[in-house]
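An overview of the molecular structure
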Amino acid sequence: MTMHDLYLLSPELSLAGLATLVLLVDLIVKRKSYLFVLTTVGLVVPLGFTLALLGSLDGAGVVENQGVLRDTLVVDKFALFFKLLLISIIAIVSLLSIDYVRRFEQFQTEFVVLLLYSATGMMLMASTKELITIYIALELSALPVAALAAFMRDGRSAESGMKFLILSGISSALLLYGMVLVFGLTGATQLDDIAERIATLAINTDEPFGSYALLMGVVLMVAGFGFKITAFPFQMWAPDVYEGAPTPVTAFLSVASKAAGFAVILRVFYSAFGIEELSIEWSAIFAVLAALSMTIGNLVAIAQRSFKRLLAYSTIAHAGYIMVGLAAVSTRAGSGDSSLGISAVLFYLCGYAVMNLAVFSAVIAISNRINSDAISDFAGMARRAPYLSAVLAFGLVSLTGIPPTVGFIAKVYVFGAAVDAGLEWLVIIGVLNSVIAAYYYLRIVKSMYLSEPLSTDPIESGTPLRLAMLVTSAGILLFGLYPTGLLNFVKSAAQALLSTS
């Protein structure tokens, strides 16, 4: 392995190195809060390496890779977009964890280290282009989360960690079986080689995907990845895990895990199964899953009484919105920008990260003081915590998709990609579901501002939480009013994916 190979892996290596450094510093530092400061500041190193790799891109948006990693790793603008997004998510989650982790004083170091190791696996998922490496990266990202979900060391938290571990194992087995079938049919594990072998096979138009073996392989892979992105019907773990896990872990799962899952789905399906005949087939699968995820997620969310369970079903619904972009393959309409669906997914993931983290930041700040995440206990909260309530309301309005927030731009963009791909029926379902979502999101806003408070005691929050809320709220407004810069970046990232596929 050459120095250039290490340079290509430098964001992941530096993030894993930061986790190791935190472990070593814990041996000599007594005040655990310093470890979160070290984590947040230390993220500058992987961020710097990621920016350096951005500066090394060639005209096609790819960093040259002719070393030993050339068959397993690709460093392009698409992968670097997700590295930047994941580093940003870790920084925000680190800030909103500082006050919360006082609940498990003795295990603060292990908490932040597991977060960093999980994020390392997620960053690898965005860059890998070989099935075995994808599977290893996915397991690296999932196993630390199983431990994090059980960190509260009570009955609900232990159940949360156990459910995640067992169902994650089942989904990994399904994914692995799907990969084995694809390998058995093509004799290859490298995504580009799989695409070449499939192109040389005789396509039987009487069979879906041209082969029942390939159909079964793709279906099993969709099931495995569906767990990662909490898509229906693979979402059964989310409500209980979200409710029982520490709230910062729930926030991390809701945005980071979803981003990594969509990154690897886009890489696999556009690189290995990107030929026109197959793309029309799998886009139909994702279109159906998108419609079901949006509908089930929003309808069940209405009945929830716990904020964390409501956000669990909300994230299922938003997985459906994002899959609308995934289903928007332009070849279905025979014209249009082939990268529009990809860039819509990337923009939505970025917007979803800032608005969901804003909501979780406010929920953590409030629930830490009232020792409850019941929605009814947030009644009249605007009188007790005006700033926190404003951030929470702003985040919920953005999740609804009301202008001038990033949620509005994201939905317009993803629905526009679907219209361009000839999926008007899916857009109609998406718009109707947005109306349903407005009911339960705005009901909470109404309760906070118009209902009588349960107490008159003011609620304060620490500086790290306020900083997290300020950054995320600014992101909601900035990307809502001026999305051009981010749109240009995601479009070039989407083009880079297509050029390496």
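Residues numbered from 1 in each chain as written. Predicted model: local features only at pLDDT ≥ 70, side-chain atom pairs only at ≥ 80, totals over all residues. Heavy atoms only, no water.

Quick look at the overall build of the chain now. In terms of helices and strands, the chain carries 21 helices and zero strands. For the chain, the C-alpha radius of gyration of 22 Å lies close to 23 Å, the compact-globule estimate for 501 residues. Taken over 501 residues, the chain has a buried fraction of 60%. In the chain, of all internal contacts separated by at least 6 residues, the share reaching a separation of at least 24 is 82%. Carbon and sulfur atoms form 67% of the exposed surface of the chain, whose accessible area is close to 18000 Å². Between the mean site of the 28 positive side-chain charges and the mean site of the 32 negative ones, the chain shows a separation of 12 Å. (Helix = DSSP H or I, 4+ residues; strand = E, 2+ residues; numbered from the N terminus. Rg over C-alpha atoms; globule rule 2.2 N^0.38 Å. Buried < 20%, exposed > 50% of the residue type's maximum accessible area, 1.4 Å probe, protein only. Contact = heavy atoms within 4.5 Å. Areas by Shrake-Rupley, 256 points an atom, 1.4 Å probe, with all protein chains shown as cover. Lys, Arg positive; Asp, Glu negative; His and termini not counted. Charge placed at Lys NZ, Arg CZ, Asp CG, Glu CD.)

What the rule picks out here adds up to two cavities of 30 Å³ or more. As for the largest cavity, its lining consists of Met-122, Ser-141, Ala-142, Val-145, Phe-164, Phe-227, Lys-228, Trp-237, Leu-253 and Ser-257. Only α7 (131-149), α10 (212-229) and α12 (247-271) provide two or more residues apiece to the lining of the largest cavity. Sorting elements by how many residues they give to the lining of the largest cavity places α7 first, with three residues. Class assignment of the residues belonging to the lining of the largest cavity gives a composition of seven nonpolar, two polar and one charged. (1 Å grid on protein atoms, 1.4 Å probe; cavity = no way out; pocket = protein on both sides within 12 Å on 5 of 7 lines; lining within 4 Å. Points joined across faces, edges and corners; volume = space filled by probe spheres on them. Nonpolar A, V, L, I, M, F, W, Y, C, P; charged D, E, K, R; others polar.)

Contact pair α12 / helix α14 (residues 307-327): the axes reach a minimum separation of 12 Å and the direction vectors enclose 20 degrees. Taken together, the axes of α12 and α14 lie roughly parallel to each other. Seen along the crossing, α12 lies across α14 with a hand that is right-handed. Contacts between α12 and α14 involve Thr-247, Thr-250, Ser-254, Lys-258, Phe-262, Ile-265, Leu-266 and Tyr-270 on the former and, on the latter, Lys-308, Thr-315, Ala-319, Ile-322, Met-323 and Leu-326. Of the residues belonging to the contact of α12 with α14, the class tally is eight nonpolar, four polar and two charged. (Axes fitted to C-alpha atoms, helices over the stretch in contact; angles between N-to-C directions. Parallel < 35°, antiparallel > 145°, perpendicular 65-115°, else oblique. Left-handed = near helix turned anticlockwise from the far one by under 90°.)

Let us now look at the packing of aromatic side chains. Summed over the entire model, instances satisfying the criterion amount to 18 aromatic pairs. Pairing Phe-81 with Phe-82 gives two aromatic rings, centres 5.1 Å apart and planes at 85 degrees, and the pair type is edge-to-face. For the residue pair Phe-81 and Phe-82, the accessibility class agrees, reading buried in each case. Connected via pairs of aromatic rings, a cluster forms that spans Phe-269, Tyr-270, Phe-273, Trp-282 and Phe-286. If you follow Lys-411 out to its NZ or CZ, it ends over the ring of Tyr-321, 4.3 Å from the centre. (Phe/Tyr/Trp six-rings, centres within 6.5 Å; stacked < 30°, edge-to-face > 60°. Lys NZ or Arg CZ within 6 Å of the ring centre and 35° of its normal.)

Moving on, we get to the layout of surface pockets. In this structure, the largest pocket occupies an estimated 340 Å³ of space. Along its surface, the largest pocket is lined by 19 residues, and Leu-85, Ser-88, Cys-350, Val-354 and Phe-479 are the ones closest to its centre. Looking at the lining of the largest pocket, the elements with two or more residues in it are α5 (77-97), α15 (340-370), α20 (463-481) and α21 (484-499). Class assignment of the residues belonging to the lining of the largest pocket gives a composition of 16 nonpolar, three polar and no charged. Volume-wise, the second largest pocket comes out at about 230 Å³. Around the second largest pocket, the lining is made up of 15 residues, and of these Tyr-100, Arg-103, Arg-156, Lys-308 and Asp-373 lie nearest the centre.

Right, let's talk about the nonpolar core for a bit. Among the nonpolar cores identified, the biggest contains 181 residues, and Phe-82, Phe-225, Phe-269, Phe-273, Phe-286, Phe-307 and Leu-392 are the most heavily contacted of them. Considering each element in turn, this core owes the most residues, 23 residues, to α15. Leave out the neighbours within four places in its chain, and Leu-392 touches Phe-307, Val-359, Ala-362, Val-363, Ile-366, Phe-378 and Met-448. (Core = buried A, V, L, I, M, F, W, Y, C linked by side-chain atoms within 4.5 Å.)

Mean pLDDT over the chain: 86, with 96% of residues reaching 70 or higher. When the criterion is pLDDT under 50, residues 331-335 qualifies, and its contacts beyond four places in sequence or with other chains add up to 13 contacts. (pLDDT = per-residue confidence, 0-100.)

With 16 residues, α21 should cover 22 Å at 1.5 Å per step; its first-to-last C-alpha distance of 22 Å lies within 8% of that length. By the burial criterion, the buried members of α21 are Leu-486, Leu-487, Val-490, Ala-493, Ala-494, Ala-496 and Leu-497. Contacts made by the buried residues of α21 are with α5, α12, α15, α18 (406-420) and α20. (Expected span 1.5 Å × (residues − 1).)

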